[in-house]
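Read off the chains here:
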Amino acid sequence: MDSIVCNEPNQFTLRQEEMPRPLPGEALVRIRRVGVCGTDYHAYRGRQPYFTYPRVLGHELAGEIDMVESNAFGLTKGDRVAILPYLQCGQCVACRNNRPNCCTNLKVLGVHMDGGMREYLTVPVTHLLPSSALSLDQLAVVEPLSIAAHAVRRAQIVPGEFVLVIGMGPIGLGVSKFATLAGGRVIALDVNEKRLQFGHQWSDTAHAVRAGEDALKTVEELTSGEFPTVVFDATGNAQSMSQALQFLAHSGRLVYVGLVQADFSLSDPEFHKRETTLLSSRNATREDFETVMKFMEQGKVDVDAFITHRAPFAEFVQAFDKWTDPQSKVIKAVVEL
Ligand SMILES: [Zn+2]
Ligand SMILES: [Zn+2]
């Protein structure tokens, strides 16, 4: 932070020689909103195994283009943009299969390379998604919601089928929302009653079930004894991921959205008798960003209720400590620049 001159509270000015310079094919983006998520908390505490330090965090980013050469995307100075933070190699087997989100050489801004918790960032024009209709707040949450939209796209939901979403954190909320918009009859499940009720309302799910002893029986009854044909686990909890299979209908798809740094096991007889389709979902693609932005433009995503906490850049350090406290009940916190 010693490259910053602080003139007065809330006003930071980079020295001219510190300004990043865009290379050909890049734009200089003035960062205006940074979303904070579990990845950032764990990285800050040194508990994120993929991180090396020092590292500038920030991968949920909205900004305004400050400088750009003429480009094929029609991007111009002043455009408000969401930033696709996943930089793919373009050459590996995943990239050649049009799956850049799981590129073997993937570099995520704010994870593998310095991210957007700063005033200005250079970004390839291919990774900027402009919208004149969406607010900076809306653009800042496109990334976490796109992770959810990607998982829902992976599941190929058929209208009318039962879908169980386990875990009503920010990603589970998005999964419930987009599965509902895809026509699924969604059952939300969480251990925490308040979080469950919020998820039920925010995502407009058909049902809400409290996790615990009776949950399996309740889900069975809600689905007339058949169980959901799609189960998403968005808990990032190994025990939940292992047990999620018991909720799945025969012939169903089980999708792991949450990632856990652990091994867990599945009962093979349970797995096999269902002829389970097992899927994981990682990051998102430009297509998912566009899907989320379209839903937002249609007014189908309540971003105001999704962002529960915010702080100006100058107060971010103190706010960050508070947000890591579970008592603060953060769903999504954003920093304003
Ligand atoms: Zn995130
Ligand atoms: Zn690649």
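In this text, all values refer to a predicted model and were calculated from it rather than measured experimentally.

1. Quick notes on the overall build of the chain
So, point 1. The helix and strand inventory of the chain stands at 12 helices and 17 strands.
So, point 2. Relative to the globule expectation of 20 Å for 337 residues, the C-alpha radius of gyration of the chain, 21 Å, shows essentially globular dimensions.
So, point 3. In terms of overall dimensions, the chain has C-alpha extents of about 65 × 45 × 40 Å along its principal axes.
So, point 4. Residues classed as buried in the chain amount to 41% of the 337 residues present.
So, point 5. Residue pairs in contact within the chain that sit at least 24 positions apart in sequence constitute 65% of those at least 6 positions apart.

2. Focus: the pairing of strand β11 (residues 185-190)
So, point 1. Where burial is concerned, most of β11 is hidden: 5 out of the 6 residues are buried.
So, point 2. The sheet contact formed by strand β10 (residues 162-166) and β11 spans 5 bridges and is parallel. Among the inter-strand pairings, Val-163 is bridged to a residue of β11, identified as Val-186.
So, point 3. In this fold, β10 hands off to helix α5 (residues 170-181), which returns the chain to β11; that crossover is right-handed.
So, point 4. As defined by bridge partners, β11 adjoins strand β12 (residues 207-210) across 4 bridges and the pair is classed as parallel. Residue pairing across strands places Ile-187 opposite His-207, the latter belonging to β12.

3. Observations regarding the domain arrangement of the chain
So, point 1. On domain assignment, one finds that the chain holds domain 1 (4-140 + 302-336) and domain 2 (148-280).
So, point 2. Each of domain 1 and domain 2 was reduced to a C-alpha centroid, and the two centroids are 29 Å apart.
So, point 3. Taken together, the 7 residues of domain 1 in the interface contact 4 residues of domain 2.

4. Points about unusual backbone geometry
So, point 1. In this model, Tyr-53 is joined to Pro-54 through a cis peptide bond whose omega is 0°.
So, point 2. Among the secondary structure elements, Pro-54 is positioned in the loop between α1 (38-44) and β4 (60-68).
So, point 3. Backbone geometry at Asn-98 places phi at a positive 60°, although glycine is not the residue there.
So, point 4. Inspection of the secondary structure assignment puts Asn-98 in the loop between α2 (93-96) and β7 (107-108).
So, point 5. Not every positive phi belongs to a glycine, and Gln-156 is a case in point at roughly 50°.
So, point 6. Tracing the chain through its elements places Gln-156 in the loop between α4 (142-155) and β10.

5. A short note on the nonpolar core
So, point 1. Counting residues in each nonpolar core, the largest one holds 80 residues, and the members touching the most others are Val-165, Val-175 and Phe-232.
So, point 2. In terms of residue count, the dominant contributor to this core is α4 (8 residues).
So, point 3. Two domains share this core, each providing at least three of its residues, namely domain 1 (4-140 + 302-336) and domain 2 (148-280).
So, point 4. Setting aside its immediate chain neighbours within four residues, Val-165 contacts Gly-172, Val-175, Ser-176, Ala-179, Val-186, Ala-188, Leu-189, Phe-232 and Ala-234.

Calculation notes
Residues numbered from 1 in each chain as written. Chains lettered and ligands numbered in written order. Predicted model: local features only at pLDDT ≥ 70, side-chain atom pairs only at ≥ 80, totals over all residues. Helix = DSSP H or I, 4+ residues; strand = E, 2+ residues; numbered from the N terminus. Rg over C-alpha atoms; globule rule 2.2 N^0.38 Å. Buried ≥ 20, exposed ≤ 12 C-beta atoms within 10 Å, placed from the backbone. Contact = placed C-beta atoms within 7 Å. Pairing = 2+ DSSP bridges. Right-handed = clockwise from strand over helix to strand, strands pointing away. Domains from an automatic or database assignment. Core = buried A, V, L, I, M, F, W, Y, C linked by C-beta atoms within 7 Å.

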